[in-house]
Amino acid sequence: MVLAKVDIKQPIVDEIKANIEGAKSVVLVDYRGLTVAQDTELRKSAREAGVTYKVYKNTMVKRAIEGTEFESLSDSLEGPTAVVISKEDATAPARIIANFAKKASKLEFKTGVVEGEFYDAKGLEAVSKIPSREELLSKLLGSLQSPITNFARVINQVAEQKSAEA
């Protein structure tokens with residue numbers, strides 16, 4: 001009978017392992033107090049951002065993260081816990097949770113590992129303020145384009161001034 005229980009749990013542990021394999025960040029949140037509608041909305045916004053938001057039994061998560069870079073999260077796996085995972089954008093889980101927590105104050109960070117670094121709730125708040133890679137690249141591109149555009153405008157004005165004098 002005990003063997004049957006282990007067999008039932010193993011696919012769930014394997015699913016968690018597959019989700020965290022190659023993940024850039026894993027964030028644990030306390031979702032206690034969220035309504036079903038709020039939880040559904042949070043799952044939808046996570047999915048749209050390419051982030052996995054799931055609720056697993058804490059014992060299953062502990063088993064799955066054992067021996068990984070996310071093992072430091074084990075101590076935080078108490079009480080209702082949702083796991084938020086991103087394989088693409090390391091700061092996305094923290095940003096999504098922080099933005100959603102503005103609407104649903106019951107949602108709280110527990111801990112997380114972002115690019116190999118362990119963060120507590122306050123650290124995750126700071127991580128959530130970091131813009132996404134795309135935002136940073138667009139700001140960089142804008143910064144690079146601005147001097148070139150201004151230079152072209154000045155050259156054009158000089159050329160117009162010369163032609164007006166002639």
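Located above this text is the structure these notes cover.
Residue numbers restart at each chain and count upward from 1, following the sequence in its written direction. The predicted nature of this model means local features are confined to residues of pLDDT at least 70 and side-chain atom pairs, given and counted, to a pLDDT of 80 or more, with totals for whole chains, interfaces and linings taken over all residues. Based on all heavy atoms of the structure, the side-chain values leave hydrogens and waters out of the count.

### What to know about the pattern of salt bridges
Part 1 of the argument: Should a side-chain nitrogen of Lys or Arg be within 4 Å of a carboxyl oxygen of Asp or Glu, the pair is scored as a salt bridge. Taken as a whole and assessed by the stated rule, the structure comprises six salt bridges.
Part 2 of the argument: The salt bridge partner of Glu48 is Lys44, with a shortest N-O separation of 3.0 Å. Of this pair, Glu48 and Lys44 both sit in helix α2 (residues 36-48), four residues apart, roughly one helical turn. Put simply, DSSP marks the helices as runs of H or I at least four residues long and the strands as runs of E at least two long, and each gets a number from the N terminus on.

### Considerations on the nonpolar core
Part 1 of the argument: Residues Val29, Leu42, Tyr53 and Phe109 are the most contacted members of the largest nonpolar core, which totals 22 residues.
Part 2 of the argument: Contributions of two or more residues to this core are made by β1 (25-30), α2, β2 (51-55), β3 (82-86), α4 (92-103), β4 (108-114) and α5 (121-128).
Part 3 of the argument: Of the residues forming this core, the biggest block, six residues, is contributed by α4.
Part 4 of the argument: For this analysis, residues touch if any pair of their heavy atoms sits within 4.5 Å. Discounting chain neighbours no more than four positions away, the residues touching Leu42 are Leu34, Tyr53, Ile96, Ile97, Phe100 and Leu107.
Part 5 of the argument: To define a nonpolar core, start from buried Ala, Val, Leu, Ile, Met, Phe, Trp, Tyr and Cys residues and group those joined through side-chain atoms within 4.5 Å. The cut-offs for exposure are 20% and 50% of the maximum accessible area for each residue type, with area from a 1.4 Å probe on protein chains only; residues under the lower value are buried, those over the upper are exposed, and the others partly exposed. In this structure, Leu28, Met60, Leu73 and Val83 belong to the second largest nonpolar core, which totals 17 residues.

### Description of the layout of surface pockets
Part 1 of the argument: By volume, the largest pocket amounts to about 190 Å³.
Part 2 of the argument: As for the largest pocket, its lining consists of twelve residues, and the residues nearest its centre are Lys24, Glu88, Asp89, Ala90 and Arg133.
Part 3 of the argument: All residues other than Ala, Val, Leu, Ile, Met, Phe, Trp, Tyr, Cys, Pro, Asp, Glu, Lys and Arg, Gly among them, are scored as polar; the first ten of these are nonpolar and the last four charged. Considered class by class, the residues forming the lining of the largest pocket number four nonpolar, two polar and six charged. Lining residues are those with an atom within 4 Å of a point, where the points come from a 1 Å grid over the protein atoms alone and group into cavities, where a 1.4 Å probe fits but cannot get out, or pockets, open sets with protein on both sides within 12 Å along at least five of seven lines. Grid points are joined across faces, edges and corners, and a volume is the space filled by probe spheres set on the points.

### Regarding the sheet that holds β4
Part 1 of the argument: For two strands to count as paired, DSSP must find a minimum of two bridges between them. Strand order across the open sheet formed by five strands is β2-β3-β1-β4-β5, with antiparallel pairing between neighbours. Only two strands of the sheet have a single neighbouring strand rather than two, namely β2 and β5 (117-120). Along the sheet, successive strands turn relative to each other by an average axial angle of 15°, direction set aside.
Part 2 of the argument: Looking at chain direction, β2 and β3 are connected through five bridges and run antiparallel. Paired with Tyr53 across the strands is Val84, a residue of β3. To define axes, lines are fitted to C-alpha atoms, for helices over the stretch in contact only, and angles between the resulting N-to-C directions are given on a 0 to 180 degree scale.

### Overview of the pairing of β3
Part 1 of the argument: Of all five residues that make up β3, five are buried, and the element is covered over most of its length.
Part 2 of the argument: Alternating residues of β3 divide into Ala82, Val84 and Ser86 and Val83 and Ile85, and every residue in both groups is buried.
Part 3 of the argument: Relative to β3, β1 is paired through five bridges, and the arrangement is antiparallel. By the bridge assignment for β3, Leu28 is matched with Val83.

### Comments concerning the environment of Asp14
Part 1 of the argument: Relative to the helices and strands, Asp14 is located in helix α1 (residues 2-20).
Part 2 of the argument: The spatial distance from the C-alpha of Asp14 to the C-alpha of Met60 is 9.3 Å, given a sequence separation of 46 residues.

### A word on the side chain of Thr111
Part 1 of the argument: Mapped onto the elements, Thr111 comes out in strand β4.
Part 2 of the argument: Residue classification places Thr111 among the buried residues on the basis of a relative accessible area of 8%.
Part 3 of the argument: Pairs of N or O atoms are called polar contacts if they sit within 3.5 Å, as long as, within protein, a hydrogen donor faces a hydrogen acceptor (for residues adjacent in sequence, only side-chain-to-side-chain pairs). At 2.8 Å, the side chain of Thr111 and the side chain of Ser76 are in polar contact.

### Quick word on the pairing of β4
Part 1 of the argument: For β4, a buried count of six out of seven residues is recorded, marking the element as mostly surrounded by other parts of the structure.
Part 2 of the argument: In the sheet, β1 pairs with β4 via six bridges, with the strands oriented antiparallel. For Val26, the partnering residue across the bridge sits in β4 and is Val113.
Part 3 of the argument: Bridging between β4 and β5 involves four bridges; their strand directions are antiparallel. Paired with Val114 across the strands is Glu117, a residue of β5.
Part 4 of the argument: Counted along the chain from β4 to the antiparallel partner β5, the turn is two residues long, and its residue Glu115 has a positive phi close to 50°.

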